[in-house]
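What follows is the residue order along each chain.
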Amino acid sequence: MTNKQPPSSQSENTPLNDGLLQDSAATQPPFIDEHEFNIRLADNDSYDGLTFEVIEAEVAEGKRVVSRGVYLAPNLITTLSLLSGFYSILASTQGEFYKASLAIFLSAILDGADGRVARMLNAQSPFGEQYDSLADMLAFGVAPAILIYSFALQSLGRIGIGCAFVFTACAAFRLARFNVQVGIVDKKYFVGLASPLAAILVTSAVMVTIDHNEWVGQYDTAIMLLFAAWVVTCGLLMVSNVKYYSFKEFDKKKVPFVVLIVGVLVMSIVLYDIPVGILAIGVIYALSGIVTTLRMRL
């Protein structure tokens, strides 16, 4: 769901610089002198102090080049995801927990869309990758923590603050680790629970509690403690080494026809009670990674 680094069109790239950098060892794989390359990239910059511009290094046809500007479509979608996360925080602080939850769900949908749009349009870039991670941090690291704290953990005082912060910190660790492991780990799997899925687990639990509040008032303390344990567990799953199937190659392969029928049945169950269905699917997915990891070690 992140925008990855790609070849760009020649018209958008400028060689580094007038043949000087192209002949340098720093511009050829494996980029021996990265420090020198960064210095020359800065020298190639033409900032006048007033221009708003993004200048970044990309690899095109085996050579490092300077790319100026950003791709509009995927970055606008990422901005909408960021806006949804920001709105969720505002809604949580005003006690509108259902709206806050729906905003996080919308962020998750948009987060999945921006990467696909970038790949479809060949509009991937280092800027888009980093921007997507920062948006994810707010939408899936900060917003769910504020939601769960405002909804259930505030009465626990410092313990509630600590539990909510554990989730935020783990989301930051998860995203940082993902960024440095791009191109190293198997794309079929996520190492640790993906931050959007962890956010959905927390958010759907809040929505289920709101929808079925007839039994909440009798067990307020138990509910608060349960939410404290739940948010910490979701946070720790993000930074674990448990492998989760990413479904990134799922749409490229044929599956037995019965899988389609099962999918229809699952959607029917979810539509009966959407928050409960989403929470159940999320829990099953979270457990599936643990089971798969244990089976691989046996």
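Residues numbered from 1 in each chain as written. Predicted model: local features only at pLDDT ≥ 70, side-chain atom pairs only at ≥ 80, totals over all residues. Heavy atoms only, no water.

K.L.:
Just to check I follow, could you spell out the overall build of the protein chain for this structure?
P.N.:
Along the backbone of the protein chain there are 9 helices and 5 strands. Walking the protein chain from its N terminus toward its C terminus, one meets helices and strands in the order β-α-β-β-α-α-α-α-β-α-α-β-α-α. Relative to its full complement of 298 residues, the protein chain shows a buried share of 43%. Intrachain contacts of the protein chain at a sequence separation of at least 6 include 77% that bridge at least 24 residues. Element-wise, carbon and sulfur atoms account for 68% of the exposed surface of the protein chain, whose accessible area totals about 16500 Å². (Helix = DSSP H or I, 4+ residues; strand = E, 2+ residues; numbered from the N terminus. Buried < 20%, exposed > 50% of the residue type's maximum accessible area, 1.4 Å probe, protein only. Contact = heavy atoms within 4.5 Å. Areas by Shrake-Rupley, 256 points an atom, 1.4 Å probe, with all protein chains shown as cover.)

K.L.:
Sorry if this is basic, but what is going on with the nonpolar core here?
P.N.:
When a protein is soluble and globular, its nonpolar side chains tend to lie buried together. One finds Leu 153, Phe 167, Leu 193, Phe 227 and Tyr 244 to be the most contacted residues of the largest nonpolar core, which totals 44 residues. Elements with a contribution of two residues or more to this core: α2 (72–93), α3 (97–120), α4 (126–153), α5 (158–180), α6 (195–211), α7 (220–239) and α9 (274–297). Looking at this core, the element that brings in the most residues is α6, giving 9 residues. Non-local contacts of Leu 193, meaning those with residues more than four positions away in its chain, are made with Arg 174, Ala 198, Leu 201, Leu 237, Met 238, Tyr 244 and Tyr 285. (Core = buried A, V, L, I, M, F, W, Y, C linked by side-chain atoms within 4.5 Å.)

K.L.:
How should the packing of α2 against α3 be read in this particular structure?
P.N.:
Packed helix pairs are specified by the crossing angle of their axes together with the interaxial distance, meaning the distance between the axes. Across the interface, α2 lies against α3 with an axial gap of 8 Å and an inter-helix angle of 165°. Judged by the angle between their axes, α2 and α3 are roughly antiparallel. Where α2 crosses over α3, the two elements pack in a sense that is left-handed. A per-class count over the contact of α2 with α3 returns 15 nonpolar, 7 polar and 3 charged. (Axes fitted to C-alpha atoms, helices over the stretch in contact; angles between N-to-C directions. Parallel < 35°, antiparallel > 145°, perpendicular 65-115°, else oblique. Left-handed = near helix turned anticlockwise from the far one by under 90°. Nonpolar A, V, L, I, M, F, W, Y, C, P; charged D, E, K, R; others polar.)

K.L.:
Explanation requested: the layout of surface pockets in the structure shown.
P.N.:
Any empty space left between atoms is shown by rolling a water-sized probe over those atoms. Of the voids in this model, the second largest pocket is the one considered here, and its volume is about 180 Å³. In this structure, the second largest pocket is lined by 10 residues; those nearest its centre are Ala 205, Thr 209, Leu 226, Phe 227 and Leu 279. Of all the secondary-structure elements, those providing two or more residues to the lining of the second largest pocket are α6, α7 and α9. Tallied by class, residues from the lining of the second largest pocket come to 9 nonpolar, 1 polar and no charged. (1 Å grid on protein atoms, 1.4 Å probe; cavity = no way out; pocket = protein on both sides within 12 Å on 5 of 7 lines; lining within 4 Å. Points joined across faces, edges and corners; volume = space filled by probe spheres on them.)

K.L.:
Which parts of the structure should I look at to understand unusual backbone geometry?
P.N.:
Peptide bonds are trans in most cases, and residues, glycine excluded, mostly fall at negative phi. A positive phi angle, near 50°, is found at Asn 122, a position not held by glycine. Considering the arrangement of structural elements, one finds Asn 122 in the loop between α3 and α4. On the basis of relative accessible area, Asn 122 is assigned to the partly exposed category, the value being 41%.

K.L.:
Sorry, what's going on with a nonpolar patch on the surface here?
P.N.:
Taken together, the side chains of Val 255, Phe 257, Val 258, Val 259, Leu 260, Ile 261, Val 262, Val 264, Leu 265, Val 266, Met 267 and Ile 281 define a hydrophobic patch exposed on the protein surface, amounting to about 1100 Å² of accessible area. Looking at where Leu 265 falls in the secondary structure, it is placed in helix α8 (residues 257–272). The exposure class of Leu 265 is exposed, given its relative accessible area of 52%. (Patch = residues over 30% accessible without salt bridge, like charges linked within 9 Å, V, L, I, M, F, W, Y side chains within 5 Å. Salt bridge = Lys/Arg side-chain N within 4 Å of Asp/Glu carboxyl O.)

K.L.:
What should I look at first to understand α5 in this one?
P.N.:
Compared with an ideal rise of 1.5 Å per residue, which puts 23 residues at 33 Å, α5 spans 33 Å between its outermost C-alpha atoms and is within 8% of the ideal. Buried residues of α5: Gly 160, Cys 163, Ala 164, Phe 167, Thr 168, Ala 169, Cys 170, Ala 171, Arg 174, Leu 175, Arg 177 and Phe 178, and no others. Lining the buried residues of α5 we find α4, β4 (189–191), α6 and α7. (Expected span 1.5 Å × (residues − 1).)

K.L.:
I tried to follow the confidence of the model for the protein chain on my own but got confused; where do I start?
P.N.:
Low-pLDDT portions of the prediction should not be read for the details of their coordinates. Mean pLDDT for the protein chain: 80, with 73% of residues reaching 70 or above. Low confidence marks residues 4–12, where pLDDT is under 50. Its contacts with residues over four positions away, or in another chain, come to 26 contacts. (pLDDT = per-residue confidence, 0-100.)

K.L.:
Help me understand the packing of α5 against α6 in this model?
P.N.:
Contact geometry for α5 and α6: axes closest at 10 Å, N-to-C directions at 160°. When the interaxial angle is binned, α5 and α6 end up roughly antiparallel. Contacts between α5 and α6 pair Phe 167, Arg 174 and Leu 175 from the former with Ser 195, Ala 198, Ala 199 and Val 202 from the latter. Grouping the constituent residues of the contact of α5 with α6 by class yields 5 nonpolar, 1 polar and 1 charged.

K.L.:
How do you make sense of α3 when you look at a structure like this?
P.N.:
Since there are 3.6 residues in each turn of an α-helix, residues three or four apart along the chain are aligned in direction. Over its 24 residues, α3 extends 35 Å from the first C-alpha to the last, a length consistent with the 34 Å expected when each residue adds 1.5 Å. Positive phi appears at Asn 122, one or two residues downstream of α3, with a value of about 50°.

K.L.:
Before we go on, may I ask you to explain the environment of Tyr 189 in this structure?
P.N.:
Positionally, Tyr 189 belongs in strand β4. For the pair formed by Tyr 189 and Phe 247, sequence separation is 58 residues and the distance between their alpha carbons is 7.9 Å. Once residues within four sequence positions are removed from consideration, Tyr 189 is found in contact with Lys 243, Tyr 244, Tyr 245 and Ser 246.

K.L.:
For this particular structure, what's the right way to read the environment of Ala 198?
P.N.:
If you trace the backbone, Ala 198 turns up in helix α6. Ala 198 sits in the buried class, given a relative accessible area of 0%. When the C-alpha atoms of Ala 198 and Leu 237 are compared, they prove to be 8.0 Å apart, with 39 residues separating the residues in sequence. Setting aside anything within four residues of it in sequence, one finds Ala 198 in contact with Phe 167, Leu 193, Cys 234 and Met 238.

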